Amino acid sequence: MKTTHSRQQATPSAATAFARFTLLGGTVGLASSLTVATLATQIPWSLANALVTVLSTLLATELHARFSFGAGGHATWRQHTQSAGSAAAAFALTCTATLALHQLIATPGTMLQQTVYLSASALAGVARFAVLRLVVFARNHTQTATTGPTNRRTHAGPADPLAAAPTGPAELCQAA
């Protein structure tokens, strides 16, 4: 139990977690942009973008697990999968917003396109933060998960049919 307790970090406040999420996500995003541009000089852009997107999502999920949300260690494969799903949903939102703009206005100006894209990105980012904090990296606060199995007889409610059942050899002999 001592190792479990020492590995877990205190859950940061929502404001602290959001600041870390923004800083880490923004840094990874900026580094990804530069990496795609550099890598695209050697391989096709679409392949460079796909590789960097996968690697940056894995990296960002690890950083968010350790620093943004205080999960206390490496992200699990389940958390990586859920995080990738939230990133895909964010991507779909920005694409949908941009496509909707082009359906409404045939040739929108650069400033309007950037406004729509950045607004959708901000909305997607806030939604992604909420999903990561409340679902992906949420902690289970049940006492049994951290302390191990409990004695059912002392914690069982009156509706539990096993509460009165004999459990040890001496109790089984007395019950017979």
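Residues numbered from 1 in each chain as written. Predicted model: local features only at pLDDT ≥ 70, side-chain atom pairs only at ≥ 80, totals over all residues. Heavy atoms only, no water.

A. Fine view of the overall build of the chain. The helix and strand inventory of the chain stands at 8 helices and 0 strands. When its helices and strands are written in sequence order, the chain yields α-α-α-α-α-α-α-α. Per-residue burial over the chain gives 23% buried out of 176 residues. Within the chain, residue pairs in contact and separated by at least 24 positions form 61% of the contacts whose partners lie at least 6 positions apart. Of the roughly 11900 Å² of accessible surface on the chain, a fraction of 68% belongs to carbon and sulfur atoms. (Helix = DSSP H or I, 4+ residues; strand = E, 2+ residues; numbered from the N terminus. Buried < 20%, exposed > 50% of the residue type's maximum accessible area, 1.4 Å probe, protein only. Contact = heavy atoms within 4.5 Å. Areas by Shrake-Rupley, 256 points an atom, 1.4 Å probe, with all protein chains shown as cover.)

B. Layout of a nonpolar patch on the surface. There is a patch of nonpolar side chains on the surface, built from Val 54, Leu 55, Leu 58 and Trp 77 and spanning about 470 Å² of accessible area. The topology assignment puts Leu 58 in helix α3 (residues 45–68). (Patch = residues over 30% accessible without salt bridge, like charges linked within 9 Å, V, L, I, M, F, W, Y side chains within 5 Å. Salt bridge = Lys/Arg side-chain N within 4 Å of Asp/Glu carboxyl O.)

C. Molecular detail of the packing of aromatic side chains. According to the stated counting rule, one finds 6 aromatic pairs in the structure shown. Taking 5.0 Å as the distance between ring centres and 85° as the angle between the ring planes, the aromatic pair formed by Phe 18 and Phe 129 counts as edge-to-face. Here Phe 18, found in helix α2 (residues 14–39), pairs with Phe 129, found in helix α5 (residues 110–136); they are 111 residues apart in sequence, far enough to count as distant. What makes Phe 18 partly exposed here is its relative accessible area of 34%. Residue Phe 129 is classed as buried on the basis of its relative accessible area of 12%. Each residue in the set Phe 18, Phe 21, Phe 69, Phe 129 and Phe 137 is aromatic and connected to the rest through ring pairs, giving one cluster. (Phe/Tyr/Trp six-rings, centres within 6.5 Å; stacked < 30°, edge-to-face > 60°.)

D. Representation of α5 within the structure. When we look at burial in α5, the residues that qualify are Ala 120, Ala 124, Arg 128, Phe 129, Leu 132 and Val 136. Its buried side turned inward, α5 meets α2, α3 and α4 (77–104).

E. Quick look at the confidence of the model for the chain. Of the residues in the chain, 74% reach a pLDDT of 70 or more, and the chain-wide mean stands at 79. Confidence over residues 141–176 falls short of pLDDT 50; this stretch has 16 contacts with residues more than four positions distant or in other chains. (pLDDT = per-residue confidence, 0-100.)

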